[in-house]
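Architecture and fold: a report
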Amino acid sequence: MNYKHTAILLVAAIASPAVVAGPLGYAICQTGCNALAVACYAGAGFTFGVALPAAPPVIIACNAGLGTCMAACAVVALGPTP
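Here is a short report on the structure shown in this document. Please read these numbers as outputs of a predicted model, since none were measured by experiment.

Looking now at the packing of aromatic side chains. With the rule as written, the count across this model stands at one aromatic pair. Relative to Phe48, the ring of Tyr41 lies with its centre 5.0 Å away and its plane at 85 degrees, an arrangement referred to as edge-to-face. Relative accessible area serves as the criterion here: at 8%, Tyr41 is assigned to the buried category.

We now examine the packing of helix 2 (residues 22-44) against helix 3 (residues 57-78). Between helix 2 and helix 3, the shortest axis-to-axis distance is 9 Å and the interhelical angle comes to 165 degrees. The orientation of helix 2 with respect to helix 3, classified from their angle, is roughly antiparallel. Remark: the crossing between helix 2 and helix 3 carries right-handed chirality. Mapping the contact onto sequence places Gly22, Gly25, Tyr26, Cys29, Gln30, Cys33, Asn34, Ala37, Cys40, Tyr41 and Ala44 in helix 2 and Val58, Ile59, Cys62, Asn63, Leu66, Cys69, Met70, Cys73, Ala74, Val76 and Ala77 in helix 3. For the contact of helix 2 with helix 3, the residue count by class is 17 nonpolar, five polar and no charged.

In a disulfide, the sulfur atoms of two cysteines are covalently bonded to one another. Inspection of every chain in the model, using the stated rule, returns three disulfides. One disulfide bridge connects Cys29 with Cys73, the sulfur atoms lying 2.1 Å from each other. Between Cys29 and Cys73, the S-S dihedral sits near -85 degrees, and the bridge is therefore left-handed. Of the two residues, Cys29 is situated in helix 2 and Cys73 in helix 3; the sequence distance between them amounts to 44 residues. In this structure Cys73 comes out as buried when scored by relative accessible area, which is 0%. Covalently, Cys40 is tied to Cys62 through a disulfide, its sulfur atoms 1.9 Å apart. Because the sign of the S-S torsion sets the handedness, a value of about -80 degrees for the bond joining Cys40 and Cys62 places this disulfide among the left-handed ones. Note that Cys40 is positioned in helix 2 and Cys62 in helix 3, a separation of 22 residues in sequence. What makes Cys40 partly exposed here is its relative accessible area of 32%. Cysteine pairing for the chain (bonded cysteines numbered in sequence order): 1-6, 2-5, 3-4.

Analysis parameters
- Residues numbered from 1 in each chain as written.
- Predicted model: local features only at pLDDT ≥ 70, side-chain atom pairs only at ≥ 80, totals over all residues.
- Heavy atoms only, no water.
- Phe/Tyr/Trp six-rings, centres within 6.5 Å; stacked < 30°, edge-to-face > 60°.
- Buried < 20%, exposed > 50% of the residue type's maximum accessible area, 1.4 Å probe, protein only.
- Axes fitted to C-alpha atoms, helices over the stretch in contact; angles between N-to-C directions.
- Helix = DSSP H or I, 4+ residues; strand = E, 2+ residues; numbered from the N terminus.
- Parallel < 35°, antiparallel > 145°, perpendicular 65-115°, else oblique.
- Left-handed = near helix turned anticlockwise from the far one by under 90°.
- Contact = heavy atoms within 4.5 Å.
- Nonpolar A, V, L, I, M, F, W, Y, C, P; charged D, E, K, R; others polar.
- Disulfide = S-S within 2.5 Å.

As structure tokens, then:
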């Protein structure tokens, strides 16, 4: 058995930074945000993704909620994984 390689692997494992949620956690979070936005639009009687000439206040509120949720996803992407 090569102890030199084992020692190098052990040192690398100890020196590694904390693992972060990364792209998968970020994608799951954004999917949840988009699902909530679709529900918000549907509850207001509109279709998510369809452009309107002038956005009614309820759509602006849905978009503000979506933006807040997406901003929270950045914390998930950068936070440590338990």
